[in-house]
Amino acid sequence: MRDRWRRLVEFLLRIGEYPGESPDQGTKRRIFVIASVIAPTLTVLFIPQLLAAGHHLEAARSAIVASASLPILVLLAVRPSWFSYLVNVTFTIVTLGNIVKVWLFGGLLESGLEVIFGLVVALAALLILGRRAAIVWTGVFVATLVFAVAISEAVEPTYVDEAASVTTAMNLVAFTIVVMAIVLFFVRQRDRFQKESDDLLHNI
């Protein structure tokens, strides 16, 4: 069973790999793939709960955002040169999804702090695309946050979450899982490259 999971992980981490890929680019690509698998998986887990609560539009939103990762990963496998473009498309879909949920539930707290996933986008932008992209996506996150606060008094919510505190807690847990997975993988890759460099110097 463990070998099957290992082979599956190895297969996923090879998505978008191409001859001559630099170690740095390989790390960035793998981070993107990991985030594109873990985040949608966690999103799908919430859909039955949303359907049971009668939040069908929110369930549809979650399904669309989660399923968008599949064609993006397929495109990455077929067209590795589109990497930066596909990353930005993914970030855009996540951000628009956050905005739609805020609109449906009518505010920042009412939506269970959904906009917090904009921080995942900003962190991923820093690790994958660099500081300039991270600044841009951090600005987008701040704008989304302002929108979420402002909309609470301007729009009548489509849904009311009777367990908003539970939803907030679950979003925070999901946020923590995704961030820790990204950071731990990045640290593991950094330590691996450092060990290879140290071994090379030692051999010399």
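Source: prediction; values computed, not measured.

Trainee: When you look at helix H7 (residues 131-151) in this model, what are you seeing that I'm missing?
Mentor: Given 3.6 residues per helical turn, the α-helix brings residues three or four places apart onto the same face. With 21 residues, H7 extends 30 Å from end C-alpha to end C-alpha; this agrees with the ideal 30 Å at 1.5 Å per step. Every buried residue of H7 is accounted for by Ala-133, Ala-134, Trp-137, Phe-141, Thr-144, Ala-148 and Ile-151. Within H7, the buried residues cover an arc of 120° as seen down the axis, which keeps them to one side. Seen from the buried face of H7, the exposed residues on the opposite side, beyond 90 degrees, are Arg-131, Arg-132, Ile-135, Val-136 and Val-146.

Trainee: Would you mind showing me how to read the packing of helix H5 (residues 83-105) against helix H6 (residues 117-128) here?
Mentor: Each pair of packed helices gets described by two things: the angle between the helix axes and the distance between those axes. Relative orientation of the contacting elements H5 and H6 amounts to 170°, with a least axis distance of 9 Å. By the angle class used here, H5 and H6 are roughly antiparallel. Of the residues in H6, those touching H5 at Phe-83, Val-87, Phe-91, Val-94 and Asn-98 are Phe-117, Gly-118, Val-121, Ala-124, Ala-125 and Ile-128. Class assignment for the residues of the contact of H5 with H6 results in 9 nonpolar, 2 polar and no charged.

Trainee: Explain the side chain of Thr-167 here, please?
Mentor: Structurally, Thr-167 can be placed in helix H8 (residues 164-203). With a relative accessible area of 10%, Thr-167 lands in the buried category. Apart from residues no more than four positions distant in its own chain, Thr-167 is found in contact with Lys-101, Ser-111, Gly-112 and Asp-161.

Trainee: Explain a nonpolar patch on the surface here, please?
Mentor: Together, Trp-5, Leu-8 and Phe-11 line one region of the surface with nonpolar side chains, adding up to about 340 Å² of accessible area. Structurally, Leu-8 is set in helix H1 (residues 2-13). Judged by its relative accessible area of 38%, Leu-8 is partly exposed.

Trainee: Can you walk me through the pattern of salt bridges in this structure?
Mentor: For the coordinates displayed, the defined rule picks out 6 salt bridges. In this structure, Arg-61 engages Glu-58 in a salt bridge whose closest nitrogen and oxygen atoms are separated by 2.7 Å. Highlighted residues: Arg-61 and Glu-58, both in helix H3 (residues 56-67), separated by 3 residues, approximately one helical turn. Note on Arg-61: relative accessible area 10%, which makes it buried. Notably, a salt bridge pairs Lys-101 with Glu-58, separated by 3.8 Å at the nearest N-O pair. Taken together, the residues Lys-101 in helix H5 and Glu-58 in helix H3 connect sequence positions 43 residues apart. Salt bridges linked by common partners bring Glu-58, Arg-61, Lys-101 and Glu-114 together as one network.

Trainee: Just to check I follow, could you spell out the environment of His-56 for this structure?
Mentor: Position of His-56 among the secondary structure elements: in helix H3. His-56 sits 103 residues away from Tyr-159 along the chain, and the two C-alpha atoms are 9.7 Å apart. Those residues in contact with His-56 that sit more than four places away from it in its chain are Leu-51 and Tyr-159.

Trainee: What is the right way to read the packing of helix H4 (residues 69-78) against H5 from this model?
Mentor: In contact at an axis separation of 10 Å, H4 and H5 are set at 175° when each is read in the N-to-C sense. In terms of their interaxial angle, H4 and H5 are classed as roughly antiparallel. Between H4 and H5, the contacting residues are Ile-72, Leu-75 and Leu-76 on the first element and Phe-83, Leu-86, Val-89, Thr-90 and Ile-93 on the second. Looking at the contact of H4 with H5 residue by residue, the class counts come to 7 nonpolar, 1 polar and no charged.

Conventions we followed
Residues numbered from 1 in each chain as written. Predicted model: local features only at pLDDT ≥ 70, side-chain atom pairs only at ≥ 80, totals over all residues. Heavy atoms only, no water. Helix = DSSP H or I, 4+ residues; strand = E, 2+ residues; numbered from the N terminus. Expected span 1.5 Å × (residues − 1). Buried < 20%, exposed > 50% of the residue type's maximum accessible area, 1.4 Å probe, protein only. Arc of directions from axis to C-beta. Axes fitted to C-alpha atoms, helices over the stretch in contact; angles between N-to-C directions. Parallel < 35°, antiparallel > 145°, perpendicular 65-115°, else oblique. Contact = heavy atoms within 4.5 Å. Nonpolar A, V, L, I, M, F, W, Y, C, P; charged D, E, K, R; others polar. Patch = residues over 30% accessible without salt bridge, like charges linked within 9 Å, V, L, I, M, F, W, Y side chains within 5 Å. Areas by Shrake-Rupley, 256 points an atom, 1.4 Å probe, with all protein chains shown as cover. Salt bridge = Lys/Arg side-chain N within 4 Å of Asp/Glu carboxyl O.

Everything listed is a geometric property; what it means functionally is a separate question.
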